[in-house]
Amino acid sequence: MKQYKVGLVGATGMVGKVFVQLLAERKFPVSELRPFASDASQGKKIELNNKSWEIKTLTTNCFEGLDLVFFSSGDDISKEWGPIAVKAGAYVIDNSAAFRMDPEIPLIVPEVNWTNEILKKPCLIANPNCSTIQLVVALKPLRDSFGIEDVRVSSYQAVSGAGQAGYDELLDQTKKYPESISSQTFARQILFNCIPQIGSFDKDGFTSEEVKIMNETRKILNEPKLKVSAFTVRVPALNAHSETVWVTLSKQINEEQIHQALSGKDGLVFIKDHNQYPTALDVSGKDPVYVGRVHKDPNDLKTWMLWIVSDNIKKGAALNGIQIAEKIITAHD
Ligand SMILES: NC(=O)c1ccc[n+]([C@@H]2O[C@H](COP(=O)([O-])OP(=O)(O)OC[C@H]3O[C@@H](n4cnc5c(N)ncnc54)[C@H](OP(=O)(O)O)[C@@H]3O)[C@@H](O)[C@H]2O)c1
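The structure presented is a predicted model; accordingly, all values stated were derived computationally and were not measured.

## Examining the sheet that holds strand E9 (residues 227–234)
So, point 1. Read from one edge to the other, the open sheet built from six strands follows the order E9-E8-E10-E13-E12-E11, with strand pairing classed as mixed. Here the strands that pair on one side only, and so sit at the sheet edges, are E9 and strand E11 (268–270). Looking at each pair of strands side by side, their axes are set apart by 20° on average, direction ignored.
So, point 2. Bridge analysis of strand E8 (residues 148–157) against E9 gives eight bridges, and the strand direction is parallel. Across the sheet, residue Ser154 finds its bridge partner in E9, namely Phe231.
So, point 3. On the sheet, helix H6 (residues 208–221) packs against E8 and E9 and is oriented at approximately 140° with respect to E9.

Structure follows, in structure tokens:
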């Protein structure tokens, strides 16, 4: 089997660490790992396939000879260094929001909109926002079977979605309670609280996270006119995002039809028994997107209500990125 030289920018972060874990777990054929991080991590080592790989900082020509580069360090770094990695001849899979809505850049969830067409030459492929990924994995079978007209989603997002700093802030506030608590990463105390702000506000009152979910969902499903509204909330869960979703289909269907549409789909676990609903704690560390509590809205018989939960670091970021890379190497085999 062909082996690949792989770069990983942001190797020490919440997402980067899971990338390394998944490369090993999924036996991704890596002949060389080139991990990158900030000055603070330079010289530290990352273990993969019984070898130690030294962490470097980003420098001119640092991507030379690489086949694939995963970016997981934020928008500014991807914007500056992503095109440089493509120019050096690598396929780039970018976890940031920098290129997602660029019409020239594919925004991919493999179960939903993969096509080998995008692989004509080395290119940059964007990994969608974590809350968007779990939403579209559940919406796709409904769209394919019945058509969808309107999606309303409210999210309950874990602190790991704000990276290592967010995760540490909740743990730190927990340890210090009831002493005075300071908040750096979140706009308010996250311990014992819910914060209706993820990202910054636009002039219409939406946060940047909400705008990402609305725009990216339309782009991935290739439904530019689809009505999507999102309201996102940070909650004191450590990991895995939850969503309540109202989806209005193009026609009236019965319970058996929706159950059938959601069952046995790639990357999706449908739980029929209302009592067995999945929670963030249950799905943290697991690969699939979980859907439970599916029931009809009595106010509009074309509208169904769903509870969707998934690990934001795995399917919402690193796993989706690795699955894209697996598609790339399969297409080149
Ligand atoms: N967390 C999620 O649920 C999630 C989901 C989807 C997408 N994403 C996206 O994935 C990216 C990473 O998120 P994260 O949660 O892993 O954040 P994180 O835990 O804060 O990690 C950030 C990473 O970037 C590295 N970094 C910082 N400055 C750098 C520089 N100048 N050059 C190279 N590397 C640098 C850090 O290295 P040091 O350790 O040396 O500082 C660290 O490895 C972000 O774009 C985020 O939006 C995150």
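Resuming the write-up.
## Concerning the domain arrangement of the protein chain
So, point 1. Assigned domains within the protein chain: domain 1 (4–128 + 317–332) and domain 2 (131–311).
So, point 2. On a C-alpha basis, the centroid separation for the pair domain 1 and domain 2 is 25 Å.
So, point 3. Each side of the interface is counted separately: domain 1 has 18 residues, and domain 2 has 17 residues.
So, point 4. Of the roughly 1,500 Å² buried between domain 1 and domain 2, counting both surfaces, carbon and sulfur atoms make up 67%.
So, point 5. In terms of surface lost to domain 2, no three residues of domain 1 exceed Met14, Glu111 and Val112, which account for 39% of the buried area on that side.
So, point 6. Salt-bridge contacts for Glu216 lead to Arg100; the nearest nitrogen and oxygen are separated by 3.1 Å.
So, point 7. Of all elements in the fold, only helix H1 (14–25), helix H3 (110–113) and helix H9 (314–332) reach the threshold of two or more residues within the side of domain 1 that touches domain 2.
So, point 8. Partitioned by chemical class, the residues of the side of domain 1 that touches domain 2 number 11 nonpolar, two polar and five charged.

## Focus: the pattern of salt bridges
Side chains that differ in charge, positive against negative, can pair when their charged atoms come close.
So, point 1. The full count for this structure, using the stated rule, is 13 salt bridges.
So, point 2. Where Glu111 meets Lys315, a salt bridge forms, and the shortest distance between an N and an O atom there is 2.8 Å. Of this pair, Glu111 sits in helix H3 while Lys315 sits in helix H9, placing them 204 residues apart in sequence.
So, point 3. When its relative accessible area of 15% is taken as the criterion, Glu111 is described as buried.
So, point 4. Put simply, Glu223 and Arg143 hold a salt bridge, and the shortest N to O gap is 3.2 Å. Pair noted here: Glu223 is in the loop between H6 and E9 and Arg143 is in helix H4 (residues 130–146), with a separation of 80 residues, a long-range link.
So, point 5. Glu223 sits in the partly exposed class, given a relative accessible area of 23%.
So, point 6. In this structure, a network of salt bridges that share partners links the residues Arg26, Asp287, Lys314 and Glu326.

Criteria and cut-off values
- Residues numbered from 1 in each chain as written.
- Predicted model: local features only at pLDDT ≥ 70, side-chain atom pairs only at ≥ 80, totals over all residues.
- Heavy atoms only, no water.
- Pairing = 2+ DSSP bridges.
- Helix = DSSP H or I, 4+ residues; strand = E, 2+ residues; numbered from the N terminus.
- Axes fitted to C-alpha atoms, helices over the stretch in contact; angles between N-to-C directions.
- Contact = heavy atoms within 4.5 Å.
- Domains from an automatic or database assignment.
- Buried area = accessible area lost by both parts, 1.4 Å probe.
- Salt bridge = Lys/Arg side-chain N within 4 Å of Asp/Glu carboxyl O.
- Nonpolar A, V, L, I, M, F, W, Y, C, P; charged D, E, K, R; others polar.
- Buried < 20%, exposed > 50% of the residue type's maximum accessible area, 1.4 Å probe, protein only.

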